[in-house]
Number of protein chains: 2
Amino acid sequence: MDTTFDALLLRMKELRDLGGLIGLASWDQETYLPPKAAEARAQQLTTLQGLQHERLVDPRLGEWLAWTQDRKDLTDDQLAMARVLIQERDRAVKVPRTLVHALAEAQSRGVHAWREARKANRFDLFRPALERLLTLRREQADAYGHAGERYDALLEGFEPGMRVARLGPVLSSLRDTLIGWVGRLQASPRQGPDVLAGRQFDPEGRKRLCQRLLEDMGFDLEAGRLDQSVHPFSSGLHPMDVRLTTGLEEPGLGCLFSTLHEGGHGLYEQGFHPVLHRTPLANAPSMGLHESQSRLWENLVGRGRPFWTHYFPVLREAFPDTLADVDLEGFLASVNRVTPSLIRVDADEVTYNLHIVLRYELELLLIRDELPVADLPEAWNERMRRFLGVVPPDDRQGVLQDIHWAWGEFGYFPTYALGNLYAASLYATARRALPQLERGLARGELRPLRDWLRTHVHAEGYRLPAEERVRVVTGEGLTDDDFLGYLRSKFGTLYDVKL
Amino acid sequence: MDTTFDALLLRMKELRDLGGLIGLASWDQETYLPPKAAEARAQQLTTLQGLQHERLVDPRLGEWLAWTQDRKDLTDDQLAMARVLIQERDRAVKVPRTLVHALAEAQSRGVHAWREARKANRFDLFRPALERLLTLRREQADAYGHAGERYDALLEGFEPGMRVARLGPVLSSLRDTLIGWVGRLQASPRQGPDVLAGRQFDPEGRKRLCQRLLEDMGFDLEAGRLDQSVHPFSSGLHPMDVRLTTGLEEPGLGCLFSTLHEGGHGLYEQGFHPVLHRTPLANAPSMGLHESQSRLWENLVGRGRPFWTHYFPVLREAFPDTLADVDLEGFLASVNRVTPSLIRVDADEVTYNLHIVLRYELELLLIRDELPVADLPEAWNERMRRFLGVVPPDDRQGVLQDIHWAWGEFGYFPTYALGNLYAASLYATARRALPQLERGLARGELRPLRDWLRTHVHAEGYRLPAEERVRVVTGEGLTDDDFLGYLRSKFGTLYDVKL
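Residues numbered from 1 in each chain as written. Chains lettered and ligands numbered in written order. Predicted model: local features only at pLDDT ≥ 70, side-chain atom pairs only at ≥ 80, totals over all residues. Heavy atoms only, no water.

Secondary structure summary: chain A contains 20 helices and three strands in total. Rg of the C-alpha trace for chain A: 23 Å, near the compact-globule value of 23 Å for 499 residues, within the 12% margin. Seen through its C-alpha atoms, chain A measures out along the principal axes to roughly 65 × 50 × 50 Å. Within the span of chain A, comprising 499 residues, buried residues form 58% of the whole. Summarising the internal contacts of chain A: among those between residues at least 6 apart in sequence, 73% fall at separations of at least 24. Of the roughly 20500 Å² of accessible surface on chain A, 50% is carried by carbon and sulfur atoms. (Helix = DSSP H or I, 4+ residues; strand = E, 2+ residues; numbered from the N terminus. Rg over C-alpha atoms; globule rule 2.2 N^0.38 Å. Buried < 20%, exposed > 50% of the residue type's maximum accessible area, 1.4 Å probe, protein only. Contact = heavy atoms within 4.5 Å. Areas by Shrake-Rupley, 256 points an atom, 1.4 Å probe, with all protein chains shown as cover.)

As structure tokens, then:
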């Protein structure tokens, strides 16, 4: 038995190492790669991904994994490792090589067509590429297999275990509640101008503050880094090598929130228990649960009164001139403004999920082939009006705004909403478990929260699927109760409105 | 025929991509890797090198390569690609896996023991590890095969085609000439104090100057980078992605010379003709020829009067206070001081090769098993006295100074001397081919030299072995004539001595 499991473990480590190297090559691509090396890097990444795929579908790995299935002498962790890798391998094996290549090509064309369409502000330039991507993704869903709902097979790639039958009702109920709330918040006389709008903050000072926030959160800067890139992202090359980026080109304070966001992801990646390192369990069980950590730090902590009670004076000290005429109340009102807007990435905590539900509903219809691609812009605009009361003046600010569909990614968007819901449930549980939590935050003590999350979420890795993990920690699975409760309390107070 | 060569070409590209990724992971290790990620990175590199080895020794690759041998329809470049890869693969196949592992372990122990020995200033702590490395390298040399001189088989790994029978007489003659010259230069009344000693130059200003030198040389900073690391190095991840480093921790001007040095390597890596990219021909044919490019820019250009005629005013402008009391003559005398010294990396152009010949003679004796390791420190000191007239007060400043033997690298040192000799021959040829060359250098025009080197050396890649390439360009193979002529003219004038 030893030698077979040893062989399996060795392969697991090799696969993780390749994943880490793909992470390095991708991180470098966004940070330090010389501009003329773009094509060379794309080739290197293709080679590495090809090797990784080859090692994953290797029949010997299939045999070693099959062998684990009737062993009574394996530990729970060993069985869980095998289970996770079996799932991953099964999906990889099911997709024919011709389809893999067709998809890669369609994705590349998709991104190109999307850029052209955006430039010309003409959705019809993107339409053929999107149709092709949808056809191939349906084929892929059928290759994976499903019980009648193709979207489930795609969702599984981002949120294992989640199904339309479970997700749909939660998102519909959330949508209906939020549509009502947005209207009431808009009508509040507390809506004022954004006092931070247009202010310019020195990049060096912002960078120092971002570093400090990460340190205070307990992100280990000796086992990770913060660099700059156009779009912020985080990448776990290894739990001892977690790389975050933030963007400093925009002159505002957005980088602070994006650093808290990426820092949340980063703490997850650094927090896997060392016994799980270089195994398939040194992973979050889903994109949604990963996103819960970033949203928790960015929003539930990072847009909250306790947090800024401590950090607003720090911020004022860093930018005494720029913030001379701003006080804590004005600042909190500014970073918590609720405004229906056209662009998802700029949306506030209340309207954000409506942007997500819109995308979820549309991509479900597209994958089901119940909405012709030609009708997509109109369907988008109709929902924007219904959900948020605003209508994009053009497709660039509407259906063409996100890159996800150009990549052919369907099933990804809902994980953002899941992240928000899980974040609220976990934060509510943390507050009950740590009665001093927010008093501590108001003194700048972020570590107790990190430690609690590490123990209950991060360290556990992928031992359980996401919803089961949440249920173990909070006592409940997926629910919008905690999220709505959080919004009600926070925005009800800020806007003096009964929600 | 097409499909077999296509398969071969695909594998060649894959191998180059893996090489580039190993380059990236190694570069990152020395520049941006978080300190706690050292072990993770070592594991990732081991995995990647293991995969690269596996793809290289793959029997199918052997068949494709064998197939090329009786094809009349392949181009010269296709045949050369196959020839280079056959050589590389044959060597890889010949070494048993057990020996590969034993060597890796012995190297790791070697470096560890060497560090301990240096710390304690006790050679005996390093001796057992060095003995083990020598035993294994002899085994490896026998596995590679040789005609009675094991050292040849090791030299082949760094300087393909070079043999002790050809190299030895050149180095002995060079040694005898230089020993005499060093004495005469030492006796010159022109020997003065070093006017640059102890001066501190602002790091930002030095960094800007390093960048400017690279630009002026024609190093494409859009297809490469300059970063900082403890020890300067260069790494060609791809001809479009060449990464150089320099060290700014020391307060002096050493970084300028190391940037010219690494820039010389970098120009070589950027200069391979595009038709050779991602093939085994996008390579220098030897370490010695690669080193010729770094030494040419560092010394023949970068310590010369024409170069500083243009750049000394630039330097003074960058550091007006620090250099207020230094003139061009004092500066040139300082960067060209000839002083017998204990440490190779600090040696001047005249004494440097004596440090190399010393190492070459000793490692040849060690590999031949004609010098017991226990007697090595004494043999070192005896040669130091004979060659340079100085004796190390301890082993740290003597036999323990270099890391190469701790890595188990025997056959590497002579490539430094070959680099100096080839550099002088190429530079002499360039001066004849470009009569305006040094007048241009004195106006800061470095591009004509780069272009000439690119055409005659860089673009050709590994189409020919190193010495053949040099013969095609200069009309002569390996010789010390040009090098000695260069020293005679330069130092004879500077020191007013007849050499």
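And the narrative resumes.
Take chain B, turn it by 180 degrees, move it 0.0 Å along the axis, and it overlays chain A with an RMSD of 0.0 Å. Both chain copies can therefore be described as sitting about a two-fold axis. Same-surface contact between copies: 100% of interface residues of chain B are shared with the interface of chain A. (Least-squares fit on C-alpha atoms with pLDDT ≥ 70 in both.)

Quick look at the sheet that holds strand E1 (residues 224–228) of chain A now. If you walk across this open sheet you meet the three strands as E1-E3-E2 (chain A), and the pairing is mixed. With one partner strand each, in any of the chains shown, E1 and strand E2 (234–238) of chain A form the two edges of the open sheet. Along the sheet, successive strands turn relative to each other by an average axial angle of 20 degrees, direction set aside. Across the sheet, helix H10 (residues 254–271) of chain A lies against E1, E2 and strand E3 (241–246) of chain A, angled at about 170 degrees from E3 of chain A, the strand it touches most. Where helix H2 (residues 38–57) of chain B meets the sheet, it contacts E2 and E3 of chain A, and its direction lies at approximately 75 degrees from that of E2 of chain A. (Pairing = 2+ DSSP bridges. Axes fitted to C-alpha atoms, helices over the stretch in contact; angles between N-to-C directions.)

The next point concerns the nonpolar core. By size, the foremost hydrophobic cluster in this structure holds 151 residues, and its most contacted members are Phe-126, Trp-308 and Leu-315 of chain A. No other element matches helix H16 (residues 413–433) of chain A, which puts 11 residues into this core. Not counting residues up to four positions away in its chain, the partners in contact with Trp-308 of chain A are Leu-256, Phe-257, Gly-302, Arg-303, Pro-313, Leu-315, Leu-328, Phe-331 and Leu-332 of chain A. Core analysis: the next-biggest nonpolar cluster, separate from the first, contains 150 residues, Ala-82, Leu-136, Leu-421 and Leu-499 of chain B among them. (Core = buried A, V, L, I, M, F, W, Y, C linked by side-chain atoms within 4.5 Å.)

Here we come to the packing of helix H8 (residues 164–186) of chain A against helix H20 (residues 481–495) of chain A. All names here are of chain A. Relative to each other, H8 and H20 sit at 5 degrees, their axes nearing to 12 Å. Classified by the interaxial angle, the pair formed by H8 and H20 is roughly parallel. Side by side, H8 and H20 meet where Leu-174, Thr-177, Leu-178, Trp-181 and Leu-185 of the first sit next to Phe-483, Leu-484, Leu-487, Arg-488, Phe-491 and Tyr-495 of the second. Taken together, the residues of the contact of H8 with H20 sort by class into nine nonpolar, one polar and one charged. (Parallel < 35°, antiparallel > 145°, perpendicular 65-115°, else oblique. Nonpolar A, V, L, I, M, F, W, Y, C, P; charged D, E, K, R; others polar.)

Attention now goes to the interface of chain B and chain A. Listed per partner, the contact involves 35 residues of chain B and 35 residues of chain A. At the boundary of chain B with chain A, total buried surface from both sides reaches about 3100 Å², with 60% on carbon and sulfur atoms. Counting every contact that joins chain B to chain A gives eight salt bridges. For Arg-55 of chain A, the salt bridge identified is with Glu-54 of chain B, shortest N-O distance 2.7 Å. The interface formed by chain B and chain A includes 18 residue pairs in polar contact (both at pLDDT 80 or more). Put simply, the parts of the chain that give the side of chain B that touches chain A at least two residues each are helix H1 (2–31), H2, strand E1 (224–228), strand E2 (234–238) and strand E3 (241–246) of chain B. (Buried area = accessible area lost by both parts, 1.4 Å probe. Salt bridge = Lys/Arg side-chain N within 4 Å of Asp/Glu carboxyl O. Polar contact = N/O pair within 3.5 Å; in protein donor to acceptor, adjacent residues only side chain to side chain.)

Read across the open sheet, the three strands follow the order E1-E3-E2 (chain B); overall the sheet is mixed. Edge positions in the sheet fall to E1 and E2 of chain B, since each has one partner strand and no second. Neighbour-to-neighbour, the strand axes of this sheet turn through a mean angle of 20 degrees, independent of strand direction. Where E1 of chain B lies against E3 of chain B, five bridges are found, and the strand directions are parallel. When the sheet's bridge partners are listed, Arg-225 of chain B is paired in E3 of chain B with Arg-243 of chain B. The sheet contacts of helix H2 (residues 38–57) of chain A involve E2 and E3 of chain B, and relative to E2 of chain B the element is tilted by about 75 degrees.

A few words now on the state of the cysteines. Residues and elements named next belong to chain B. Counting across every chain of the model gives zero disulfides over all chains. Free of any disulfide, Cys-210 has its nearest neighbouring cysteine sulfur in Cys-255, separated by 4.0 Å. Look at Cys-255 and you get buried, because its relative accessible area is 3%. (Disulfide = S-S within 2.5 Å.)

What follows concerns the confidence of the model for chain A. Looking at chain A, the pLDDT average stands at 97 and 100% of residues meet or exceed 70. Across the whole predicted complex the pTM is 0.95, and at the interface the ipTM reaches 0.94. (pLDDT = per-residue confidence, 0-100.)

Time to look at the packing of aromatic side chains. Residue and element names in this part refer to chain B. Under the definition given, this model contains 33 aromatic pairs over all chains. Considering the side-chain rings of Phe-312 and Phe-331, the 5.1 Å spacing of their centres and the 45 degrees angle between planes classify their relative orientation as tilted. Of this pair, Phe-312 sits in helix H12 (residues 305–318) while Phe-331 sits in helix H13 (residues 328–335); the two residues are 19 residues apart in sequence, bridging distant segments of the chain. Take Phe-312 and Phe-331: they sit in the same class, and that class is buried. In this arrangement the basic side chain of Arg-91 is found over the ring face of Tyr-144, its NZ or CZ atom lying 3.7 Å from the centre. (Phe/Tyr/Trp six-rings, centres within 6.5 Å; stacked < 30°, edge-to-face > 60°. Lys NZ or Arg CZ within 6 Å of the ring centre and 35° of its normal.)

All names here are of chain A. Contact geometry for helix H14 (residues 352–367) and H16: axes closest at 8 Å, N-to-C directions at 145 degrees. The two elements H14 and H16 cross, and the hand of that crossing is left-handed. Of the residues in H16, those in contact with Tyr-352, Asn-353, Ile-356, Arg-359, Tyr-360 and Glu-363 of H14 are Phe-413, Pro-414, Tyr-416, Ala-417 and Asn-420. Looking at the contact of H14 with H16 residue by residue, the class counts come to seven nonpolar, two polar and two charged. (Left-handed = near helix turned anticlockwise from the far one by under 90°.)

Okay, the pattern of salt bridges next. In the structure shown here, the tally under the stated rule is 85 salt bridges over all chains. Among the salt bridges present, the one from Glu-460 of chain B reaches Arg-463 of chain B, with a minimum N-O distance of 3.5 Å. Overlapping salt bridges, with partners in common, bring together Arg-11, Glu-14, Arg-55, Asp-58 and Arg-60 of chain A together with Glu-54 of chain B in one network.

A separate point is the environment of Arg-278 of chain A. Note on placement: Arg-278 of chain A falls in the loop between H10 and helix H11 (287–301). Residue Arg-278 of chain A is classed as buried on the basis of its relative accessible area, which comes to 15%. A C-alpha to C-alpha distance of 54 Å links Arg-278 of chain A and Pro-189 of chain A, two positions 89 residues apart in sequence. Apart from residues no more than four positions distant in its own chain, Arg-278 of chain A is found in contact with Met-12, Lys-13, Arg-16, Asp-17 and His-238 of chain A together with Gln-43 and Thr-47 of chain B. Engagement of the side chain of Arg-278 of chain A in a polar contact is seen with the side chain of Asp-17 of chain A, the distance being 2.5 Å.

With that out of the way, let us pick up helix H3 (residues 59–68) of chain A. Burial in H3 of chain A covers these residues: Leu-61, Gly-62, Trp-64, Leu-65, Trp-67 and Thr-68 of chain A. You can read the cap of H3 of chain A off the contacts: a side-chain oxygen lies 3.1 Å from the backbone nitrogen of Arg-60 of chain A, and it is on Asp-58 of chain A.

Turning to the pairing of E3 of chain A, a few remarks are in order. Residues and elements named next belong to chain A. Taking burial as the measure, the six residues of E3 include six buried ones, the bulk of the element. The alternating pattern of E3 places Asp-241, Arg-243 and Thr-245 on one face and Val-242, Leu-244 and Thr-246 on the opposite face, and all of these are buried. Sheet topology places E2 next to E3; four bridges connect them, and they run antiparallel. Note on E3: the bridge partner recorded for Ser-234 is Leu-244. Counting the residues that bridge the hairpin from E2 to E3 gives two residues.

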